[in-house]
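Chain by chain, the residues:
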Amino acid sequence: MMTSEAWTTAGILAATFALLLFSRLPAHVIFLGALTAAITFGLAPVEDLLKGFSNQGVLTVAVLFMIAEGMYSTGAITMISDRIVGLPKSILGAQFKILPPVAAGSAFFNNTPLVAMMIPVVRDLSRSTGLDSSKIYIPLSYASILGGASTLIGTSSNLIIAGLVLEQIAENDPGAPVLERITIFVPTLVGLPVAIAGIVFLFFIGTKLLPKHDIKGKEEIKRRLYRAEFLIKEDSYLAGKTLEKAGFASPTGYSLNSVRRGKEEKHLIEPSFVLRPGDILTFFTDADGLPALWATIGLTPLNTLFPMQAERHRHRLVEVVISPRSSLVGRSIEDLPETEEPYEAAIVAISRSGEPLDLPLREVRIMAGDSAVLEVEDSFFYHNRNETEFIIVKRLRGYRVKRTDRAIAAIVITGAMVAAAALGLLTIFNAALLATFAMLATGCMSIRRATKSIEWNTVVVLGCAVGLEAAVTESGLADVLANLISSIGGSDPYVALAVVFVSCIIMTNVITNAAAAAFMFPIALSIAGDLGTSFMPFAVALMLGTSYSFLNPAGYQTNLMVFEPGGYAAKDYIKVGLPLTILVSLVVILLTPLIYSF
């Protein structure tokens, strides 16, 4: 018999998932409401319901957002992805270059930091190529899960199950089934074929089931177009690259108008054209596309209005209008003398009457009312507070110049973090904290950027989800489900294995994968003991089943991390996740008894 507390918990969980599926409320609001209801009805002690906000796994996710920011702010992840991903021309090409490497990396390293670092890469790839990022983010998360489940160290739930097996072996219980120590590649014999099948499914079927966010199909609005000029310096990251590899052959949000090399200016340029130091690139762009262009590694604004002293990663981009009282009116940039003027700025782009200029910016005589985009320091806003020179329209946000001189430091720090966690020298939480402080100390990122990088909504959902597991256990709902699973399993080991695996799939999508592993282990152990079989096939089913969370955005942290960037609804996870879950279930249930006999 279910107690009133168990019924209440079941009702809260049902309402939570119904709201996730059918309402437009943000996920963090829904989960906060569910946790509030659990506290109100006293379904578990308050300290247990709030344990998610002190849970190392949840806190680790928050810290890893800062690691990803350090890798992104220095341009390290951009440089790495340029070599691995490049600029694919199709969704399938992008998935082919992203999903297998992520799956392989997740098999040996924690998949959470890998996905955290790939999120800005996919975002930038979408902006550069016009590819729909919603077709990539969920496959990115699912590929990391498939790869992570295929080794012992890939996911936390695999490690939990292996640890529980060691505890049972140490107890030497005569009533327990045959137990063997689980080594690193025990899940691989089944997990690798499953990962391959799953990724092939994502390539050719899953993509078609995902929502389409048409980047280029939005209603065309007449926008102000700017002429922007950039220089390829001697040590530029772009020197020696073709226009195609640099992303300038067919960009989204701006167009390459010409390349000037010495006295020669080319307008019709082949994608195979190789950039050289000293080249001047002229773009036509609107104010939305300009920040991405400005922040491109290797491009430097050509026209410095007054000397810029500070490092470029501290600079801001601002859209202004030339004031009628400005001392610049009637003068060209090349005529301006070096002065002690308090403004330190570079003219990135100019527009006149909403159109880009035909002449090089240095030859244009500035007029009152001209729109300009400037690269400035923070002091600019103080010195121009009376707007005698420039009337500030708005700051252009969302991009910053990368501090590429710290890229090697960021890569070394991140590599050390992953190695320390993989070798068991430190927990991933401890290693991530140390790596965060190392990045702050070496200037890879500022404190402000680090704190702003944390996706607090994601952290709230994870904290609430872990807390709700206490309500499931304390209310007695967990015991009811355990008895139900045991009765369905019966006396056939094949049926029992299938029931255990499917139950793990259900539980990991309802509560966290770690909680599902801890909850399902004693049930599977009891079933194997009653049947008198080896526990190894059940252990493999447990490891894979508790990892394959494809149906619920809150079921696995990487699912939740891509939820907002991809603009998804909860039903999108079901559209792709349900057939994928059926596919992996069939492969696991068929392969496991063949490889690990009962």
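Coordinates for the structure precede this section.
Keep in mind that what you see is a predicted model, and the values were worked out from it rather than measured.

Undergrad: Is there a simple way to explain the overall build of the protein chain in this structure?
TA: Within the protein chain, the secondary structure is distributed over 23 helices and 11 strands. Compactness check: the protein chain gives a C-alpha radius of gyration of 28 Å against a globular reference of 25 Å for 598 residues, within 12% of the reference. A principal-axis box enclosing the C-alpha atoms of the protein chain has dimensions of 95 × 50 × 45 Å. When each of the 598 residues of the protein chain is scored for burial, the buried share is 55%. The long-range share in the protein chain, meaning contacts at least 24 apart out of those at least 6 apart in sequence, stands at 81%. If you sum the accessible surface of the protein chain, you get close to 25,900 Å²; carbon and sulfur atoms cover 60% of it. Between the centroid of the 46 positive side chains of the protein chain and the centroid of its 50 negative side chains there is a distance of 7 Å.

Undergrad: Can you help me understand unusual backbone geometry in this one?
TA: With the exception of glycine, most residues fall at negative phi, and the peptide bonds are largely trans. Positioned with a positive phi, serine 353 is a non-glycine residue whose angle comes to about 55°. Here serine 353 shows up in the loop between β8 (345-352) and β9 (355-356).

Undergrad: Help me out: how do you make sense of a positive patch on the surface in this one?
TA: Together, Arg395, Arg397, Arg448 and Lys452 give the surface a local cluster of positive charge. Note on placement: lysine 452 falls in helix α16 (residues 447-453).

Undergrad: Please explain the pairing of β8 as it appears in this structure.
TA: Every regular strand shows the same layout, with side chains that alternate between the two sheet faces. Buried residues dominate β8, accounting for 7 of its 8 residues. Pairing geometry for strand β1 (residues 225-232) and β8, over 2 bridges, is antiparallel. Counterpart to arginine 227 in the pairing with β8 is isoleucine 350. As paired strands, strand β6 (residues 303-304) and β8 are joined by 2 bridges and run antiparallel to one another. The residue of β8 that forms the bridge with asparagine 303 is isoleucine 347. Bridge count between β8 and β9: 2 bridges; the pairing is antiparallel. Looking across to β9, one finds that serine 351 is bridged to proline 356.

Undergrad: Would you mind showing me how to read the packing of aromatic side chains here?
TA: Two aromatic rings are characterised by how far apart their centres lie and by the angle between their planes. Counted under the stated rule, the structure contains 12 aromatic pairs. Aromatic pair tyrosine 494 and phenylalanine 598: ring centres 5.0 Å apart, planes at 80°, arrangement edge-to-face. Taken together, the positions of tyrosine 494 in helix α19 (residues 493-510) and phenylalanine 598 in the segment after α23 (570-595) put the pair 104 residues apart, joining distant regions of the chain. When its relative accessible area of 24% is taken as the criterion, phenylalanine 598 is described as partly exposed. Connected via pairs of aromatic rings, a cluster forms that spans Phe230, Phe248, Tyr254 and Phe283.

Undergrad: Explain the environment of arginine 403 to me, please; I cannot follow it from the model alone.
TA: By the secondary structure assignment, arginine 403 is in the loop between β11 (390-395) and α14 (407-422). The class for arginine 403 is buried, based on a relative accessible area of 11%. Considering only alpha carbons, one finds arginine 403 and alanine 76, 327 residues apart in sequence, at a separation of 9.1 Å. Here glycine 443 takes part through its backbone oxygen, which lies 3.1 Å from a polar atom of the side chain of arginine 403.

Undergrad: I keep staring at the packing of helix α4 (residues 56-73) against α14 and nothing clicks. Help me out?
TA: The axes of two packed helices give the description: the angle between them and the distance between them. One can describe the packing of α4 onto α14 by two numbers: an axis separation of 9 Å at closest approach and a directional angle of 150°. With respect to α14, the axis of α4 lies roughly antiparallel. By crossing handedness, the relation of α4 to α14 is classed as left-handed. Residues Leu64, Ile67, Gly70 and Met71 of α4 pack against Ala410, Ile411, Thr414 and Met417 of α14.

Undergrad: Explain the nonpolar core here, please?
TA: Considering soluble globular proteins, one finds that nonpolar side chains tend to be buried as a cluster. Counting residues in hydrophobic clusters, the biggest one holds 165 residues, and the most contacted among them are Ile98, Phe248, Phe535 and Tyr548. It is α4 that provides the largest number of residues to this core, a total of 11 residues. The residues contacting phenylalanine 535, other than those within four sequence positions of it, are Val165, Pro177, Val178, Leu179, Phe521, Ala524, Leu525, Ala528 and Leu542. Listed in part, the 18 residues of the second largest apolar core include Val320, Ile322, Ile347 and Phe381.

Definitions and limits used
All residue numbers here refer to positions counted from 1 along the written sequence of the relevant chain. Reporting of local features is limited, given that this is a predicted model, to residues whose pLDDT is at least 70; pairs of side-chain atoms are given and counted only at 80 or more, and all residues count toward the totals for whole chains, interfaces and linings. Note: side-chain values were computed over all heavy atoms of the structure, leaving out hydrogens and water. Think of it this way: any DSSP run of H or I at least four residues long counts as a helix, any run of E at least two long counts as a strand, and we number them from the N terminus. Only C-alpha atoms enter the radius of gyration, while the globule expectation follows 2.2 Å times N to the 0.38, with N the number of residues. Exposure is judged per residue with a 1.4 Å probe applied to protein chains only, and the accessible area is read against the type maximum: over 50% gives exposed, under 20% gives buried, and values in between give partly exposed. By the convention used here, residues are in contact when the closest approach between their heavy atoms is within 4.5 Å. Note on areas: Shrake-Rupley with a 1.4 Å probe; residue coverage comes only from the protein chains shown. A residue counts as positive if it is Lys or Arg and as negative if it is Asp or Glu; His and the chain ends are not included. To locate a charge, take NZ of a lysine, CZ of an arginine, CG of an aspartate or CD of a glutamate. Only residues above 30% relative accessible area that lack a salt bridge enter a patch, with like-charged residues linked at up to 9 Å and the nonpolar side chains Val, Leu, Ile, Met, Phe, Trp and Tyr linked at up to 5 Å. For this analysis, a salt bridge means a side-chain nitrogen from Lys or Arg found within 4 Å of a carboxyl oxygen belonging to Asp or Glu. Only strands that DSSP links by at least two bridges are regarded as paired with each other. Any two rings among Phe, Tyr and Trp, with Trp reduced to its six-membered ring, count as a pair given centres within 6.5 Å; such a pair is stacked if its planes are under 30 degrees apart, edge-to-face if over 60, and tilted if neither. The term polar contact refers here to a pair of N or O atoms within 3.5 Å; inside protein, the definition further demands a hydrogen-donor-capable atom paired with an acceptor-capable atom, and it admits residues adjacent in sequence only when both atoms are side-chain atoms. Only C-alpha atoms enter the line fits that serve as axes; for helices the fit covers just the stretch in contact. Angles between N-to-C directions range over 0 to 180 degrees. When describing relative orientation, an angle under 35 degrees is termed roughly parallel and one over 145 degrees roughly antiparallel, while 65 to 115 degrees is termed roughly perpendicular and anything else oblique. Crossing handedness follows the turn of the near helix against the far one: under a right angle anticlockwise gives a left-handed crossing, and clockwise gives a right-handed one. The nonpolar core is taken to be a set of buried Ala, Val, Leu, Ile, Met, Phe, Trp, Tyr and Cys residues, with the residues joined through side-chain atoms within 4.5 Å.

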